[in-house]
Amino acid sequence: MIGVNILGYPEEFKMAFEDNQDDIAVHTWTHPYMTTKTDLEVVGELGWTMEIIHNSTGGRLPKYWRPPYGDSDNRVSAIAKEVFGLTTVIWNQDTEDWSIVSLIPWAGLSFVLTVFLSNIRDTDREAREAAAASPRDATTTETLADPEKVLQSEKAAEP
């Protein structure tokens, strides 16, 4: 889910969440090319989206994220995994969900999410099972409670 869209369209998000429950995934706050972002900007894009999903779902934490345009590298994926516990999901077939949303803004949100999630289920079942079995660490919860603390610790670690 794109954070600013959750903020702007809370009823549509609620409907998508009710349809998909634990399968809500992060799709960043503003939908940028992630490899162009600094470490702190990556933390912000993922962290603020995690927080709004957490706050809008009674405390659910996503397990997955899909980079906009498939734009991720080892650095961005490592931040997603190590800071937030998110598994990066890249598609192996274009669902063309972008064409549905542009033709019918927000009307197809639940359908788009369902198509995306069915592709994950069909192609990444083993990765999803492994990720579900791995324990969540305190970093994720701490980040939601105080994202500024994570940013400060990263700055302190810089040479």
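Quick note: structure is the one above.
Rules and cut-offs
- Residues numbered from 1 in each chain as written.
- Predicted model: local features only at pLDDT ≥ 70, side-chain atom pairs only at ≥ 80, totals over all residues.
- Heavy atoms only, no water.
- Helix = DSSP H or I, 4+ residues; strand = E, 2+ residues; numbered from the N terminus.
- Buried < 20%, exposed > 50% of the residue type's maximum accessible area, 1.4 Å probe, protein only.
- Core = buried A, V, L, I, M, F, W, Y, C linked by side-chain atoms within 4.5 Å.
- Contact = heavy atoms within 4.5 Å.
- Salt bridge = Lys/Arg side-chain N within 4 Å of Asp/Glu carboxyl O.
- Axes fitted to C-alpha atoms, helices over the stretch in contact; angles between N-to-C directions.
- Parallel < 35°, antiparallel > 145°, perpendicular 65-115°, else oblique.
- Left-handed = near helix turned anticlockwise from the far one by under 90°.
- Nonpolar A, V, L, I, M, F, W, Y, C, P; charged D, E, K, R; others polar.
- Arc of directions from axis to C-beta.
- Phe/Tyr/Trp six-rings, centres within 6.5 Å; stacked < 30°, edge-to-face > 60°.

(A) Main features of the environment of arginine 60. Here arginine 60 lies in the loop between helix H3 (39-56) and strand S1 (64-65). Accessibility expressed as a relative area gives 33% for arginine 60, which makes it partly exposed. A sequence separation of 10 residues divides arginine 60 from methionine 50, and the C-alpha atoms of the two residues are 9.1 Å apart.

(B) Layout of the environment of valine 83. Tracing the backbone shows valine 83 in helix H4 (residues 74-84). Residue classification places valine 83 among the buried positions, given a relative accessible area of 10%. When the C-alpha atoms of valine 83 and leucine 46 are compared, they prove to be 9.5 Å apart, with 37 residues separating the residues in sequence.

(C) Representation of the nonpolar core. Core analysis: the largest hydrophobic core is formed by 20 residues, its most contacted members being Phe13, Val26, Leu46, Ile53, Trp65, Phe84 and Leu86. For this core, the elements supplying multiple residues, two or more each, are helix H2 (10-20), H3 and H4. Sorting elements by how many residues they give to this core places H3 first, with six residues. Apart from the residues within four sequence positions on either side, isoleucine 53 is in contact with Met1, Ile6, Phe13, Ile24, Ala25, Val26, Arg60 and Pro62.

(D) A look at the pattern of salt bridges. Evaluated as defined, the whole model comprises one salt bridge. Here arginine 75 makes a salt bridge to aspartate 39, at a shortest N to O gap of 2.7 Å. Placement of arginine 75 in helix H4 and of aspartate 39 in helix H3 is noted, with a sequence separation of 36 residues between them.

(E) Molecular detail of the packing of H3 against H4. Following both chains from N to C, one finds H3 and H4 inclined at 50 degrees, their axes separated by 10 Å at the closest point. Of the possible angle classes, the one that applies to H3 and H4 is oblique. For the crossing formed where H3 meets H4, the hand is right-handed. Taken together, the residues of H4 that come into contact with H3 (itself represented by Asp39, Val42, Val43, Leu46, Gly47 and Met50) are Arg75, Val76, Ile79, Ala80 and Phe84. For the contact of H3 with H4, a count of residues per class yields eight nonpolar, one polar and two charged.

(F) Fine view of H2. Among the residues making up H2, those that are buried are Phe13, Ala16, Phe17 and Asn20. Angular distribution of buried residues about the axis of H2 spans 100 degrees; they occupy a single face of the element. Structural note: H2 exposes Glu11 and Asp19 on the side pointing more than 90 degrees away from its buried face.

(G) Spatial organisation of the packing of aromatic side chains. This structure, assessed with the given rule, holds two aromatic pairs. Ring geometry for phenylalanine 13 and phenylalanine 17: centres 6.3 Å apart, planes at 20 degrees, overall stacked. Taken together, the residues phenylalanine 13 and phenylalanine 17, both in helix H2 and four residues apart, mark about one turn of the helix. Here tyrosine 33 and tyrosine 69 contribute two aromatic rings whose centre-to-centre distance is 4.1 Å and whose plane-to-plane angle is 15 degrees, an arrangement assigned as stacked. Of this pair, tyrosine 33 sits in the loop between H2 and H3 while tyrosine 69 sits in the loop between S1 and H4, and the two are 36 residues apart along the sequence. Assessed through its relative accessible area of 45%, tyrosine 69 is described here as partly exposed.

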